[in-house]
There are 2 protein chains.
Amino acid sequence: MMNENEELKRICKEVIEQIRPDEEDRRRVKAVTDSIIAKINEKALEMGIEAHAISVGSTARNTWVRGEADIDIFIMFPADLSEVDLKEKGLALAKSVSDRCVERYASHPYIHAYFYDAERGGRRTEYEADLVPCFSVKEASLLKSAVDRTPFHNEYVVKRIYGFEDEVLLLKQFMKCLGIYGSEQRRKGFAGYLCELLILHYSSFAELLRNASRWQYGERIDLEGQGTYKGEGKDPLIVIDPVDPNRNVAAAVSEYSFCRLIDASRDFLVQPSMNFFLPRKEEPMSEAEFMNLVKERGTEFVMVVFEAPDEIEDVLFPQLRKAETSVKNMIERNGFEVYRSDVCVEGDKAFLLFELLVWSLPRIKKHVGPPVTSEYHSEQFKGKYITTKLGKKTLFIENGRYVVEVERNYTDVVSLLKNELKSCSLGKHVAESTDKGYGVFRNEEIKFSEGLGYFFRDYFGGI
Amino acid sequence: MMNENEELKRICKEVIEQIRPDEEDRRRVKAVTDSIIAKINEKALEMGIEAHAISVGSTARNTWVRGEADIDIFIMFPADLSEVDLKEKGLALAKSVSDRCVERYASHPYIHAYFYDAERGGRRTEYEADLVPCFSVKEASLLKSAVDRTPFHNEYVVKRIYGFEDEVLLLKQFMKCLGIYGSEQRRKGFAGYLCELLILHYSSFAELLRNASRWQYGERIDLEGQGTYKGEGKDPLIVIDPVDPNRNVAAAVSEYSFCRLIDASRDFLVQPSMNFFLPRKEEPMSEAEFMNLVKERGTEFVMVVFEAPDEIEDVLFPQLRKAETSVKNMIERNGFEVYRSDVCVEGDKAFLLFELLVWSLPRIKKHVGPPVTSEYHSEQFKGKYITTKLGKKTLFIENGRYVVEVERNYTDVVSLLKNELKSCSLGKHVAESTDKGYGVFRNEEIKFSEGLGYFFRDYFGGI
């Protein structure tokens, strides 16, 4: 019988065969990239724009997984150009070379372009590329916009990654299947650049897993040993940016993603398996299946539904998470108990889901007043609750404090949410959307869709 | 219009007229007391026992409220006598002088005796007296048993109380109506001796109230200025025993009694009224009235009923309170929520009452495991909950910890109590009694009685 180390090597080798683009793929992506760069540089000359294009990202480093070639091209402008000019000239230049394109916006506007490559026997293949204008600054730390660091990252990795590409591919595929690949707000996982740094630091996928399985909070990785980044004890993982020692490349990694990697590292090392590299392929949950689960669990599912604000996910998701927390706190402040909660965007709708352990309560509740020994506050309290003509309230002394029995404002979660959602901190766009109206649905009232089916499959799935 | 101070004086005067025994009452109680003492001393001589009797307590100090003459006679034995001899000789002597008697036990055994006084025109009047054997020690601090202090207390008060008797009567009656008179465990209020010391310290009932209305936790009163008692910050009120400076006379005063006096002091000073001296006369609550309240409140009442252990209240009540707390904690540990709780003894039954806000819960619950970063404990946890064949459990990561979804042992409070009451710390006698059997009843199942009617009237009454 093979020992586990051999088994691990065998599996990694098999995975690599499947996820590594073949030479022809790489050649064709490189050809398309080069041709776009040539077009941009040519067009810049024509238009009298001082700018040149470079290839960055995974396609520039051969660290892209088969079938997922994201061509990233940065158009470098002089650092003394104004932001307005950068935007205007950059976007005009990018549009002029594209066969078809849309303008997008992350921290900066950029062009998502489509190119048609007709090389292969006349059959047209479509390639997509992001064309991003940026400032060509002297050092990464002198950046004028967040994207200005990317060329430095690219240069750092390109110089060192040769020979380690397969290890990066393994790590990316592993994280993808765990649902923790990508630094976007929806996921809060590990960015591609971070994966590359981790491999450069630990030399191999297997060695990274061995280390990750023993990571502790505040784990610090500093490839160049020059890190000045302190953080405030809130980052579970700190990976000093080799091109900007005061920055944590892993700042976006959530506690969940950090723990998920640790957990999966241990499991994989104990029992290596191809399953860690195969995306979960699951059917969406059906409404009948959902209703069976509701019955079996005995909990109450309450969903707040509203029109999804027309914003990019990195803007929308933090607001949805903020709304989730704020509404959860309001529910619990009112005496109910939330078991779990989640958020979801499907089509043009956004959803806040609350699974409740306690969703209905008696009419009465205690209102706890000041300590009896506090003369002034006691007088105020008794004056307010007893002397007024609001109806006789029953007064108690409990644990040295006055306690008065009052009526609960809301005896069930649905009426609470229908009436008080707007009093929560929802975030600007979510607040604007719910201002236009929202629905509150429970259990069988929840309108199912394929998208919600996938969401619920995931919600009930666990790790 | 009279000012409030005059109104207060007028009310106190009126109360005094009603609660002060008249001269004839006092003379007759004194005569009975003297005759008992004479009999005891005579009998001691006859029996060759070295002992003598003294009158102590409120009847010895003229601080008894009309109609409530408790004759307390202490029989003093030499301090070098053995405890066995004290008990044997003391009880024999006490029994020999009584017309009828029963043996009782507090911290020490004593005789509760009945005497028939035939003075008034041949009509027999029955007097009751406690005859308590004790050691005649040199100083209160050298006591051999708790009762040995009493003669010192008596001597201290007798020497100083003349002229303040009426103020003591007012205070005792005031506290009685508040339900905080008496240091017994059921009540945890102010003992008669403590009332006398408070009056000696503040000189008058009104002055005591003025001070009490501003009392803070740890309020310290030291009449002789020699207190060495420290306490541990847990006594709300410290009144140094003038005859034993290392003892707190107010040690039995609960936080509730302390706060209740503060609250009533303020109310009475703002609006003096005879009502403060009139015992609440209320009808017991009817079962129909109770069921209406249950419906109106929306809470669930669950009662545990068992045979009241045959023990004195000072032994029984601390056990019932201990059981109440322990059961309440168990209920809340299981995820339910107690709104209020109380205990009660009626006839030969003892009752633990729990009013619940949450008494029924979904089948599932979270079982929170170790932090993911704790490798050893994570391995143990996952081994236990995942690898075993106990059925697949859903595993999550929440806030950096493993969480597994398990089935709740009890989904309602009644089945929890029916099955798990015995796992609580109930106290020896309560445990023995519930071992013989107990019932758990909810709402309309609770068997009403007049006694329970009074209990519920009080429970719902507030202060």
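In case you missed it, the structure is sitting above this.
None of these values were measured; they are calculated from a predicted model.

With that settled, consider the overall build of chain A. Looking only at helices and strands, one finds 15 helices and 15 strands in chain A. The dimensions of chain A, computed from C-alpha atoms along their principal axes, are 85 × 65 × 50 Å. Per-residue burial over chain A gives 51% buried out of 463 residues. Contacts spanning at least 24 positions in sequence make up 64% of the contacts within chain A whose residues lie at least 6 apart. Accessible surface, chain A as shown: approximately 22,300 Å² in total, 48% of it carbon and sulfur.

Next up on the list: the nonpolar core. Counting 88 residues, the largest nonpolar core has Leu131, Phe174, Phe190, Leu198, Phe205 and Trp215 of chain A as the members making the most contacts within it. Here this core gets eight residues from one element, more than from any other, and that element is helix H7 (residues 192–202) of chain A. Among all residues touching Trp215 of chain A, those that are not within four sequence positions of it are Leu198, Tyr202, Leu208, Ile221, Leu237, Phe258, Leu261 and Ile262 of chain A together with Thr373 of chain B. Core analysis: the second largest hydrophobic core is formed by 87 residues, Leu8, Cys12, Ala51 and Ile262 of chain B among them.

Now for the interface of chain B and chain A. In this complex, chain B contributes 52 residues to the contact, which on the side of chain A involves 52 residues. Of the roughly 4,000 Å² buried between chain B and chain A on both sides combined, carbon and sulfur atoms contribute 55%. The largest per-residue losses of area from chain B upon contact with chain A belong to Tyr339, Thr373 and Ile397 of chain B, which jointly make up 16% of the total buried on that side. Close ionic contact of Lys382 of chain A with Asp267 of chain B constitutes a salt bridge, the shortest N to O distance being 3.0 Å. At the boundary of chain B with chain A, the tally comes to 22 residue pairs in polar contact (both at pLDDT 80 or more). Take the side of chain B that touches chain A: its biggest share by element is nine residues, from helix H9 (residues 255–270) of chain B. Class assignment for the residues of the side of chain B that touches chain A results in 22 nonpolar, twelve polar and 18 charged.

Below, the discussion takes up the pattern of salt bridges. Tallying each qualifying case throughout the model produces 66 salt bridges over all chains. A salt bridge links Arg100 of chain A to Glu126 of chain A; the nearest nitrogen and oxygen atoms lie 3.3 Å apart. Of this pair, Arg100 of chain A sits in strand E3 (residues 100–105) while Glu126 of chain A sits in strand E5 (residues 125–136), and the two are 26 residues apart along the sequence. We classify Glu126 of chain A as partly exposed; its relative accessible area is 37%. With a shortest N-O distance of 3.3 Å, Asp244 of chain B and Arg149 of chain B are connected by a salt bridge. Residue Asp244 of chain B is found in strand E8 (residues 244–248), and its partner Arg149 of chain B is found in the loop between strand E5 (125–136) and helix H5 (150–160); the two are separated by 95 residues along the sequence. Take Asp244 of chain B: its relative accessible area is 8%, and that puts it in the buried class. Residue Arg149 of chain B is classed as buried on the basis of its relative accessible area, which comes to 15%.

Turning to its location among the elements, Thr299 of chain B is positioned in the loop between helix H10 (287–297) and strand E9 (300–307). Setting aside chain neighbours within four positions, we find Thr299 of chain B in contact with Pro362 and Ile364 of chain A together with Val294, Glu355, Leu356, Leu357, Trp359 and Asn443 of chain B.

Residues and elements named next belong to chain A. The contact between helix H6 (residues 165–178) and H7 brings their axes to 9 Å, and the two run at 130 degrees. As judged from the angle between their axes, H6 and H7 are oblique. Handedness of the crossing formed by H6 with H7: right-handed. Between H6, through Glu167, Val168, Leu171, Lys172 and Met175, and H7, the contact on the second element is made entirely by Gly192, Cys195, Glu196, Leu198 and Ile199. Residues belonging to the contact of H6 with H7 are distributed by class as follows: six nonpolar, one polar and three charged.

Residue and element names in this part refer to chain A. Positioned with a positive phi, Asn399 is a non-glycine residue whose angle comes to about 50 degrees. Within the element layout of this structure, Asn399 appears in the loop between strand E13 (395–398) and strand E14 (401–407). Asn399 sits in the exposed class, given a relative accessible area of 66%. Positive phi is not limited to glycine here, since Asn443 has a value of about 40 degrees. Among the secondary structure elements, Asn443 is positioned in the loop between strand E15 (439–442) and helix H15 (450–461).

Take the relation of the copies chain B and chain A next. Superposing chain B onto chain A takes a rotation of 179 degrees plus a shift of 0.1 Å along the axis, which leaves an RMSD of 0.2 Å. Expressed as an axis order, the relation between the two copies is that of a two-fold axis. Within chain B, Val358 of chain B has its C-alpha nearest the rotation axis, a separation of 3.8 Å. When the interface residues of chain B are mapped onto chain A, 100% of them are again interface residues, pointing to one common binding face.

Moving on, we get to the state of the cysteines. Taken as a whole, this structure holds zero disulfides over all chains when the rule is applied. Unpaired in this structure, Cys344 of chain A has its nearest cysteine sulfur neighbour in Cys424 of chain A, at a distance of 19 Å. The exposure class assigned to Cys344 of chain A is buried, which follows from its relative accessible area of 3%. Looking at the unpaired Cys134 of chain B, the closest cysteine sulfur is the one in Cys101 of chain B, lying at 18 Å. We classify Cys134 of chain B as buried; its relative accessible area is 0%.

For the rest of this paragraph, the subject is the pairing of strand E13 (residues 395–398) of chain B. All names here are of chain B. Bridge count between E13 and strand E14 (residues 401–407): four bridges; the pairing is antiparallel. The residue of E14 that forms the bridge with Leu395 is Val404. Connecting E13 to the antiparallel partner E14 that follows it, the hairpin turn spans two residues, and Asn399 within it adopts a positive phi of roughly 50 degrees.

What follows is about the sheet that holds strand E4 (residues 109–117) of chain A. Sheet strands pair via backbone hydrogen bonds, and the direction of the pair is either parallel or antiparallel. Residue and element names in this part refer to chain A. With respect to topology, five strands assemble into an open sheet ordered E1-E2-E5-E4-E3, the strand pairing being mixed. Two strands in the sheet have a free side with no partner beyond their single neighbour: strand E1 (52–56) and E3. When the angles between neighbouring strand axes are averaged without regard to direction, this sheet yields 30 degrees. Note: E1 against strand E2 (residues 71–78), five bridges, orientation antiparallel. When the sheet's bridge partners are listed, Ile54 is paired in E2 with Phe74. The strands touched by helix H2 (residues 23–47) are E1, E2, E4 and E5; relative to E2, the strand with the most contacts, the crossing angle is about 25 degrees. Packed onto the sheet, helix H5 (residues 150–160) meets E1, E2 and E5 and runs at close to 55 degrees relative to E1.

What counts and how
Residues numbered from 1 in each chain as written. Chains lettered and ligands numbered in written order. Predicted model: local features only at pLDDT ≥ 70, side-chain atom pairs only at ≥ 80, totals over all residues. Heavy atoms only, no water. Helix = DSSP H or I, 4+ residues; strand = E, 2+ residues; numbered from the N terminus. Buried < 20%, exposed > 50% of the residue type's maximum accessible area, 1.4 Å probe, protein only. Contact = heavy atoms within 4.5 Å. Areas by Shrake-Rupley, 256 points an atom, 1.4 Å probe, with all protein chains shown as cover. Core = buried A, V, L, I, M, F, W, Y, C linked by side-chain atoms within 4.5 Å. Buried area = accessible area lost by both parts, 1.4 Å probe. Salt bridge = Lys/Arg side-chain N within 4 Å of Asp/Glu carboxyl O. Polar contact = N/O pair within 3.5 Å; in protein donor to acceptor, adjacent residues only side chain to side chain. Nonpolar A, V, L, I, M, F, W, Y, C, P; charged D, E, K, R; others polar. Axes fitted to C-alpha atoms, helices over the stretch in contact; angles between N-to-C directions. Parallel < 35°, antiparallel > 145°, perpendicular 65-115°, else oblique. Left-handed = near helix turned anticlockwise from the far one by under 90°. Least-squares fit on C-alpha atoms with pLDDT ≥ 70 in both. Disulfide = S-S within 2.5 Å. Pairing = 2+ DSSP bridges.

In short, the description is geometric, and any link to function would need to be established separately.
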